[in-house]
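# A look at the structure
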Amino acid sequence: MNKIKLYKILIVFLIVANLIMVWQLMSFKRRPHRAEGPRNEIIKALSFDETQIMLYDDLIKKHREDIRGIEQKSNNLKSSYFLQLNTEVPSLQKDSVLQLIGDLAKEKEQINYRHFEDIRKICKPNQLKEFKNIVNQLNNLFVAPPSPHR
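First, a word on scope: everything that follows refers to the structure included in this document.

Counting secondary structure elements, the protein chain contains six helices and zero strands. If you list the helices and strands of the protein chain from N to C, you get α-α-α-α-α-α. For the protein chain, buried positions account for 23% of its 150 residues. By sequence separation, contacts in the protein chain at least 24 residues apart represent 71% of the contacts at least 6 residues apart. Surface exposure of the protein chain reaches about 11,500 Å², of which carbon and sulfur atoms provide 59%.

As structure tokens, this is what we get:
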């Protein structure tokens, strides 16, 4: 298999994968939101007092700002990546944009991790056991309910 055929297959695969991702994101936006989001579930599970809730709300605000910034950068890079389909671009340039997109995904996960480190810091010693339980169930906490469209 020559390189051109391999690149064509890779491009088609990436386009299909991104179309699937866009479709899933659009269906996610149509899903009804839970009455109680992770914020309220965490406050309840950890039995935060009023001071802790205020600190936690500040952490949430900062976290959302950081995530929005990363997502905006990521969306811009993804747009520029796909605009490369309109012109002949060296594969090295394509790879460098993909690397930047991957770096932003890594940074996003680091932001999420630090957010939970910060939550742990505002916990009192008697709340740390429940915090560990929350950490063990993070995937369940942030998974949206199944879409009725499936």
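Let's pick the thread back up.
Counting 14 residues, the largest nonpolar core has Ile42, Leu46, Phe48, Tyr56, Ile119 and Phe131 as the members making the most contacts within it. Looking at this core, the elements with two or more residues in it are α2 (38-46), α3 (50-83), α4 (91-121) and α5 (128-136). The biggest single contributor to this core is α3, with four residues. Counting residues in hydrophobic clusters, the runner-up holds nine residues, among them Leu14, Ile67, Ile70 and Val97.

If you walk through the whole model with that rule in mind, you get five salt bridges. Between aspartate 57 and arginine 39 there is a salt bridge, with the nearest N and O atoms lying 2.7 Å from each other. Taken together, the residues aspartate 57 in helix α3 and arginine 39 in helix α2 connect sequence positions 18 residues apart. For arginine 39, a relative accessible area of 29% translates into the label partly exposed. In this structure, the salt-bridge partner of lysine 121 is aspartate 118, at a minimum N-O distance of 3.8 Å.

So, on to the packing of aromatic side chains. Taken as a whole and assessed by the stated rule, the structure comprises two aromatic pairs. Ring geometry for phenylalanine 48 against tyrosine 56: centres 5.7 Å apart, planes inclined by 70°, an arrangement best described as edge-to-face. Note on phenylalanine 48: relative accessible area 8%, which makes it buried. For the ring pair tyrosine 81 and phenylalanine 82, a centre distance of 5.2 Å and an interplane angle of 85° mean the geometry is edge-to-face. Tyrosine 81 gets classed as buried once you look at its relative accessible area, which sits at 11%. In this structure phenylalanine 82 comes out as partly exposed when scored by relative accessible area, which is 25%.

This brings us to the packing of α2 against α3. With their axes 12 Å apart at the nearest point, α2 and α3 run at an angle of 150° to one another. In terms of axis orientation, α2 runs roughly antiparallel to α3. Seen along the crossing, α2 lies across α3 with a hand that is right-handed. In contact with Pro38, Arg39, Ile42 and Ile43 of α2, α3 contributes Ile53, Tyr56, Asp57 and Ile60. When the residues that make up the contact of α2 with α3 are grouped by side-chain class, the tally is six nonpolar, no polar and two charged.

Calculation notes
- Residues numbered from 1 in each chain as written.
- Predicted model: local features only at pLDDT ≥ 70, side-chain atom pairs only at ≥ 80, totals over all residues.
- Heavy atoms only, no water.
- Helix = DSSP H or I, 4+ residues; strand = E, 2+ residues; numbered from the N terminus.
- Buried < 20%, exposed > 50% of the residue type's maximum accessible area, 1.4 Å probe, protein only.
- Contact = heavy atoms within 4.5 Å.
- Areas by Shrake-Rupley, 256 points an atom, 1.4 Å probe, with all protein chains shown as cover.
- Core = buried A, V, L, I, M, F, W, Y, C linked by side-chain atoms within 4.5 Å.
- Salt bridge = Lys/Arg side-chain N within 4 Å of Asp/Glu carboxyl O.
- Phe/Tyr/Trp six-rings, centres within 6.5 Å; stacked < 30°, edge-to-face > 60°.
- Axes fitted to C-alpha atoms, helices over the stretch in contact; angles between N-to-C directions.
- Parallel < 35°, antiparallel > 145°, perpendicular 65-115°, else oblique.
- Left-handed = near helix turned anticlockwise from the far one by under 90°.
- Nonpolar A, V, L, I, M, F, W, Y, C, P; charged D, E, K, R; others polar.

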